[in-house]
Amino acid sequence: SLPSGPAPLPIDTLLMGAFHGDEGESALLLERFLAYAQGTPDALGGKAVLVVPAVNPDGVVLNTRKHAALVDINRNFPVANWELNAMAEHYHGGPW
């Protein structure tokens, strides 16, 4: 079985799904991948793989693009050209 708890270091691959809650198919895909990997010895070839099926679990539950605080987390990464006023209804990256 795959270990649970803190990820072993170093991590070779990071898989993340469901940044947008209304696109939950990626979470289902990663859950199936985990089930496959758990049932298939050597599936990961000895690599450390960290899987986060739903980065936006509250958005998945609510079936919305944004999370519960109404931020589109896919648009909320630190970048050099971020501006507070660069908001549009569909692409609001949040106040931080």
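Check the entry above for the structure.
Along each chain, residues carry numbers from 1 onward, in the same order as the chain's sequence is written. With the structure being a predicted model, the display of local features is reserved for residues of pLDDT at least 70 and the display and counting of side-chain atom pairs for 80 or more, all residues being used for whole-chain, interface and lining totals. Only hydrogens and water are set aside; all other atoms, that is, all heavy atoms of the structure, feed into the side-chain values.

## What about the environment of Arg75?
Quick reminder of the rule: Secondary structure elements follow DSSP: runs of H or I of four or more residues count as helices, runs of E of two or more count as strands, with numbering from the N terminus.
Tracing the sequence through the fold places Arg75 in the segment after helix 2 (57-62). Separated by 56 residues in the primary sequence, Arg75 and Phe19 place their C-alpha atoms 9.7 Å from one another.

## A few points about the pattern of salt bridges
Under the convention used in this document: Salt bridges are defined as contacts in which a side-chain nitrogen from Lys or Arg sits within 4 Å of a carboxyl oxygen from Asp or Glu.
Scanning the entire structure with this criterion turns up one salt bridge. Note that Asp72 and Arg65 form a salt bridge whose closest N and O atoms lie 2.7 Å from each other.

## Side note on the pairing of strand 1 (residues 13-16)
Quick reminder of the rule: Pairs of strands are assigned from DSSP output, requiring at least two bridges between the strands. Handedness of a crossover is defined as follows: with both strands directed away from the viewer, a clockwise route from the first strand across the helix to the second makes it right-handed.
Taken together, the four bridges between strand 1 and strand 2 (residues 49-52) define a ladder with parallel strand orientation. The partner of Leu14 across the bridge, within strand 2, is Leu50. Between the parallel pair strand 1 and strand 2, the chain is carried across by helix 1 (residues 25-39), and the sense of this crossover is right-handed.

## Some points on the side chain of Asp72
Our working rule: We call two N or O atoms a polar contact when they sit within 3.5 Å, provided that within protein one can donate a hydrogen and the other can accept it, with sequence-adjacent residues counted only if both atoms are side-chain atoms.
Inspection of the secondary structure puts Asp72 in the segment after helix 2. At a separation of 3.0 Å, a polar atom in the side chain of Asp72 contacts the side chain of His20. A distance of 2.7 Å separates a polar atom in the side chain of Asp72 from a polar atom in the side chain of Arg65.

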